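Analysis of the macromolecular model
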Amino acid sequence: MKLILVACGTALATSTVVDRKIEQIAQENGIECKTVQAKAVDAIKKYEELHPDAIVCTCQLEGEINVPLINGRAFLTGINIKSTTDQLLEILKK
């Protein structure tokens, strides 16, 4: 099972929308995936705690990250959604 950390400014509305889209994409592709939401200020701590397979964020993150970092704004705006979805699927299918 893959673990994706979803980060946004407050870990409320924006990350919930992105979270649900990631779960939908995983389900449509038959991939087991768990998502965890975090506030931007807590994202690095959560990353160090959970060791996710990737981080999808709608904000800027400060700190050292050694997993793929995906710009989650595409899941909100639809702009570059195909390439962002492809990037996510590549990680989920590994």
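My aim in this report is to walk through the structure given alongside it, one point at a time. (Residues numbered from 1 in each chain as written. Predicted model: local features only at pLDDT ≥ 70, side-chain atom pairs only at ≥ 80, totals over all residues. Heavy atoms only, no water.)

1. Comments concerning the environment of Phe 75
- Along the chain, Phe 75 turns up in helix H3 (residues 74-77).
- Residues Phe 75 and Cys 57 lie 18 residues apart in sequence; the distance between their C-alpha atoms is 10 Å. (Helix = DSSP H or I, 4+ residues; strand = E, 2+ residues; numbered from the N terminus.)

2. Brief notes about unusual backbone geometry
- In the Ramachandran plot, His 51 falls in the positive-phi region, its phi being about 50° despite a non-glycine side chain.
- With respect to the helices and strands, His 51 occurs in the loop between helix H2 (43-50) and strand E3 (54-57).
- Unlike most non-glycine residues, Asn 80 shows phi in positive territory, near 60°.
- Tracing the sequence through the fold places Asn 80 in the loop between H3 and helix H4 (81-92).
- Judged by its relative accessible area of 55%, Asn 80 falls in the exposed class. (Buried < 20%, exposed > 50% of the residue type's maximum accessible area, 1.4 Å probe, protein only.)

3. Description of the sheet that holds strand E2 (residues 33-39)
- The strand order across the open sheet formed by four strands is E2-E1-E3-E4, and the pairing between neighbours is parallel. For this open sheet the edge positions go to E2 and strand E4 (69-71), each flanked by a neighbour on one side alone. Direction aside, the axes of adjacent strands within the sheet are offset by 25° on average.
- Both strand E1 (residues 2-8) and E2 contribute to a ladder of seven bridges, which runs parallel. When the sheet's bridge partners are listed, Ile 4 is paired in E2 with Thr 35.
- Packing of helix H1 (residues 13-28) onto the sheet brings it into contact with E1, E2 and E3, and relative to E2 it is tilted by some 170°. (Pairing = 2+ DSSP bridges. Axes fitted to C-alpha atoms, helices over the stretch in contact; angles between N-to-C directions. Contact = heavy atoms within 4.5 Å.)

4. Here we look at the nonpolar core
- Membership of the largest hydrophobic core comes to 16 residues, with the highest contact counts inside it found for Ile 4, Ile 22, Val 56, Phe 75, Leu 88 and Leu 92.
- Among the elements of the structure, E1, H1, E3 and H4 are those that each provide at least two residues to this core.
- With near-sequence residues (within four places) excluded, Leu 88 lies in contact with Ile 4, Ile 22, Ile 25, Val 56, Ile 70 and Phe 75.
- The next biggest cluster of nonpolar side chains, apart from the first, holds 14 residues, and it includes Ala 7, Val 36, Tyr 47 and Cys 57. (Core = buried A, V, L, I, M, F, W, Y, C linked by side-chain atoms within 4.5 Å.)

5. Comments concerning H4
- The first and last C-alpha atoms of H4 sit 16 Å apart over 12 residues, in line with the 16 Å expected at 1.5 Å per residue.
- Of the residues making up H4, those classed as buried are Thr 84, Thr 85, Leu 88, Leu 89, Ile 91 and Leu 92. Buried residues of H4, viewed axially, fall in a sector of 160°; they line one side. Opposite the buried face of H4, at more than 90 degrees from it, the exposed residues are Lys 82 and Glu 90.
- Buried residues belonging to H4 abut E1, H1, E2, E3, E4 and H3. (Expected span 1.5 Å × (residues − 1). Arc of directions from axis to C-beta.)

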